[in-house]
Amino acid sequence: MASRKARLVLTSLAVVLGTMFVAAAMVLTATMEKSVSGVIADAYTGVDGVVTRETSESSPGGSPNLAAVTIPAETLEQVQGVDGVDRADGAVEGQVNAIGSNGKLVGTFAPTIGLNWQSAEGQGDYIEIREGNGPEADDEVAVSAKFAADSGLGLGDTVTIYSYTAERADYEIVGVYGLSGDRDSLAGETQVAFTTPTAQHLMTGGEAVYTSIYVYGDNVSTDAVASTIGSEFKVQTGEQASEAAAEGFAVVSDFMGYIFLGFGLVAVFVSIFLIINTFTIIVAQRQRELALLRAIGAGRGQVVRSVLTEALVIGVVASVVGLGLGLVLGWGLSQVVSSTMMGGLPVQLLIPATSLWALAVGIVVTVLSALVPAVKASSVPPVAAMRQAVNPPKPLRGITIAGAIVFGIGAVLLAFGLTDNLGDNTLTGILTGVGIAFVGITMLTPILSRPLVALLGAVMSWSFSGRLGKLNAGRNPRRTAITASALMIAVALITGIATLVSSIKSTTAEALDLNLNSDLIVSGAQGGANIPSFSPQTLEEIRALPEVASVGDVYMDFFGTKVDGEDAPLASSSDLDAALAVFGGTVAEGSVADLPADAVVLDEGTAEDRDLALGDTVEVTFADGVTEPLKITAILEGYDLTNGWWVAPEQIEHFTLPKPMQAYIEVDEGADVAAVQGEVDEILKDEPEVSVTNNAEFVEQQTGSLDTILAAVQILLALAMIIAVIGVVNTLVLSVLERTRELGLLRAVGMTRGQVRRMITVESVIICVFGAVLGIAVGIGLGWTVQQALEEEGLTNFALPWGLIAAYLVAAVAVGLLAAIAPAARAAKLNVLGAIAYE
């Protein structure tokens, strides 16, 4: 090890990177959970009891009839009269929408929370006024410091605010406040505080009700409060309420932690190939040395222990370094998550005991990866010390047969899963089949390397150096395959996800082209907590445009809506005939004309699944808790974009969001669509949540988040790519050492330094492109498998991301060029005489 420091560093780096991400994921999760718990605890500092509805279900901003989720004023009076209660404040909290100085919504990823100032001020030191004062009149508000920063508005400015149940109104900002600990936000949200009547107008439909009650008193008994107000309310201590709230916020940190843990494990898996390849090459190069040890009495066990000890030292050192870097990275990621997603909450670093698992993973993976090479080292016969060390490639028959069997098992299991022959275990069977097939492909990589390397090398073998580079890449199929496999894994994962994204986009575009009879669409992209919507009055302005033939508006509700006790999304429209005409299809049974208030319409697929027929009556539960019996008056056929339940316009008042979420516009024949789009865009200038698009733009708008996810995956999988590059560099460096005499002889017979560099570079590029081609092929297969598994769920199209595939191939060439720099320079600088005499 001491005489091969460069090799030690390169091998260790892969272990360091994998261990670092695993440790960082664990630190991130634990630190954010601790930080969030501390912040939430601050929010309930001094609060001795919290009263909420036992049956409350969260719905953004509330709905016009909040009996199921709010607390009446009479209950507040009852709580105030309980022995031991010094004070009880009714709190009104919910989501509101505010328009900033740039005309856009404030807070889209994290919501803008509205609250009544009385309950906030009553929490003592938790609220810190920085400028001005709290609201005293109903047209005044105080805003959090983060709201002021994000909106571009400050003390004395006017802000426009509305909610799902209240129209826009202007309010004067009379105060700016922060939270205890010099924070601008609790967890990334922006806040606006109103007087209690205004808060109730915006968030409870104007009813004199509250969303919770904060109870104060040194001797207050939550049991006494609970027995006084009844079982329909939940009574918790401040500490219990803090823990329950922290669980909700911890979902974000858990999600981020799982993501980084997953990519860390991928990095560890990729590093296995690097370690196996490195130790295999080392053992091959040290064949005479190991044989001499065997000749002077070293036993097989001693040789195995010698190699494994080297692996153990590398594993321990690299894992310790990776763990240390992982702790730093975990702290850094916590700071990033805090500032970008949680409003800069104070980070309380917590190093969990589970982070030691990262240490164990690094050590165990390194030692196990070196086990096979160690066993091979012990099988070197002593007589090998008496002859020139020549290491001809081993036959590929055994590993090829084994790989074919493994791949066949995976393929059969996959086929059974895709043809629904596994019953309830279909998904498990498909995933297991994919994993087994992937292992089989990896085992078949050596046999595939010969034809593919020859084919790829043909493109680059136009020169003497290129021909030698091609031959070098193909002379040891196992080594080339293992080196390329590390790159293959990263490329396969990226290509699989990109293929899935392309398939979703293609399916969406085709469904719109075939089923959507509209020229323009008014809608918004779902972002964070905000549900895009617009005013019904805006809808009427669009309908009044001279070149607009029809407008089909759609109202939707997904929150707590049920049909016969089962979850079911509901839809409605002010003009159901126009809305359904947009989506094509026909009315198979009944009629949708003049739909009565007690009627419901559904598609034939839902009717078949629920065993329902025309004329049947179903119990429909709306988001506000109201349940009504509705009669099926029509069944739709061919409405692929509108599967579900449609209710009459009279029922819209029960929706969580009683505003249209989309509108589909058809223009007059011969009208200029672009001109009409401009007119509609002008009407929407005061509707910051939505925009008008054509069909192609609509697809991009609705699937834009998929591109963001794909970009994030590509960034995170860059770690695996880095390890793969290290593997190529390591293999080439060791290969150059192994071929020292050969390179010396080539230089002696006239090969120039430049030709040597080009030979090594061609070898590197071929290996990288080979790995990329395999990865693309496997990724396409993975994407196709997922698409087939989801075909019955509506993902009917399979599409390839041709642009990204081309980019990955170009990137593979670039990676090959970069990986060859150091090995090529080393090979070109060899002393000719010294190389010829090298043993």
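### Focus: the nonpolar core
Here is step 1 of the chain: Val 270, Phe 438, Leu 717, Ile 723, Phe 770 and Val 778 are the most contacted members of the largest nonpolar core, which has 52 residues in total.
Here is step 2 of the chain: Counting only elements with at least two residues in this core, the list comes to α1 (5-43), α7 (238-285), α12 (426-460), α14 (477-515), α19 (695-738), α21 (753-789) and α22 (802-828).
Here is step 3 of the chain: Phe 438 has contacts with Phe 269, Met 488, Ile 489, Ala 492 and Val 778, leaving out every residue within four places of it along the chain.
Here is step 4 of the chain: Core analysis: the second largest hydrophobic core is formed by 37 residues, Ala 98, Tyr 171, Phe 194 and Ile 229 among them.

### Examining the packing of α21 against α22
Here is step 1 of the chain: At a minimum axis separation of 7 Å, α21 and α22 run at an interaxial angle of 150 degrees. Crossing handedness for the pair α21 and α22: right-handed.
Here is step 2 of the chain: Of the residues that constitute the contact of α21 with α22, the class distribution is 22 nonpolar, three polar and two charged.

### Focus on the packing of aromatic side chains
Here is step 1 of the chain: By the definition in use, this model includes two aromatic pairs.
Here is step 2 of the chain: With 5.6 Å between their ring centres and 55 degrees between their planes, Trp 117 and Tyr 177 make a pair best called tilted. Taken together, the residues span a long stretch of sequence, with Trp 117 in helix α3 (residues 117-121) and Tyr 177 in strand β9 (residues 169-179) at a distance of 60 residues. Exposure class is identical for Trp 117 and Tyr 177. Each is buried.
Here is step 3 of the chain: Note on Tyr 171 and Phe 194: the rings are 5.7 Å apart at their centroids and 75 degrees apart in plane angle, and the pair reads as edge-to-face. Here Phe 194 lies in strand β10 (residues 190-194) and Tyr 171 lies in strand β9, a separation of 23 residues in the sequence. Across this residue pair, the class does not change: Tyr 171 and Phe 194 are buried.

### Let's talk about the environment of Ile 363
Here is step 1 of the chain: Among the structural elements, Ile 363 can be located in helix α10 (residues 356-378).
Here is step 2 of the chain: Separated by 44 residues in sequence, Ile 363 and Ser 319 place their C-alpha atoms 6.4 Å apart.
Here is step 3 of the chain: Once you skip the residues sitting within four places of it in the chain, Ile 363 turns out to touch Leu 312, Gly 315, Val 316 and Ser 319.

### Concerning the sheet that holds strand β13 (residues 233-236)
Here is step 1 of the chain: As summarised here, the arrangement of the four strands in space is β3-β12-β1-β13, forming an open sheet in which the pairing is antiparallel. Each edge of the open sheet is held by one strand with a lone partner, namely β3 (87-91) and β13. Strand-to-strand twist in this sheet, taken as the mean axis angle between neighbours without regard to direction, amounts to 20 degrees.
Here is step 2 of the chain: By the bridge criterion, four bridges tie strand β1 (residues 49-53) to β13 in an arrangement that is antiparallel.

### Let's talk about a negative patch on the surface
Here is step 1 of the chain: Side chains of Asp 420, Glu 791, Glu 792 and Glu 793 sit close together on the surface and give a patch of like negative charge.
Here is step 2 of the chain: The topology assignment puts Glu 793 in the loop between α21 and α22.
Here is step 3 of the chain: Taking the relative accessible area as the measure of exposure, Glu 793 reaches 67% and is therefore exposed.

### Describing the pairing of strand β24 (residues 662-667)
Two faces make up the sheet, and in a regular strand the side chains alternate between them.
Here is step 1 of the chain: The element β24 is largely enclosed, with a buried count of five among its six residues.
Here is step 2 of the chain: Sheet topology places strand β14 (residues 520-523) next to β24; three bridges connect them, and they run antiparallel. Note on β24: the bridge partner recorded for Leu 520 is Ile 665.
Here is step 3 of the chain: In terms of strand pairing, strand β15 (residues 548-557) meets β24 through six bridges, oriented antiparallel. Counted as the bridge partner of Asp 553 is Ala 663 from β24.

Rules used throughout
- Residues numbered from 1 in each chain as written.
- Predicted model: local features only at pLDDT ≥ 70, side-chain atom pairs only at ≥ 80, totals over all residues.
- Heavy atoms only, no water.
- Core = buried A, V, L, I, M, F, W, Y, C linked by side-chain atoms within 4.5 Å.
- Buried < 20%, exposed > 50% of the residue type's maximum accessible area, 1.4 Å probe, protein only.
- Helix = DSSP H or I, 4+ residues; strand = E, 2+ residues; numbered from the N terminus.
- Contact = heavy atoms within 4.5 Å.
- Axes fitted to C-alpha atoms, helices over the stretch in contact; angles between N-to-C directions.
- Left-handed = near helix turned anticlockwise from the far one by under 90°.
- Nonpolar A, V, L, I, M, F, W, Y, C, P; charged D, E, K, R; others polar.
- Phe/Tyr/Trp six-rings, centres within 6.5 Å; stacked < 30°, edge-to-face > 60°.
- Pairing = 2+ DSSP bridges.
- Patch = residues over 30% accessible without salt bridge, like charges linked within 9 Å, V, L, I, M, F, W, Y side chains within 5 Å.
- Areas by Shrake-Rupley, 256 points an atom, 1.4 Å probe, with all protein chains shown as cover.
- Salt bridge = Lys/Arg side-chain N within 4 Å of Asp/Glu carboxyl O.
- Lys, Arg positive; Asp, Glu negative; His and termini not counted.
- Charge placed at Lys NZ, Arg CZ, Asp CG, Glu CD.

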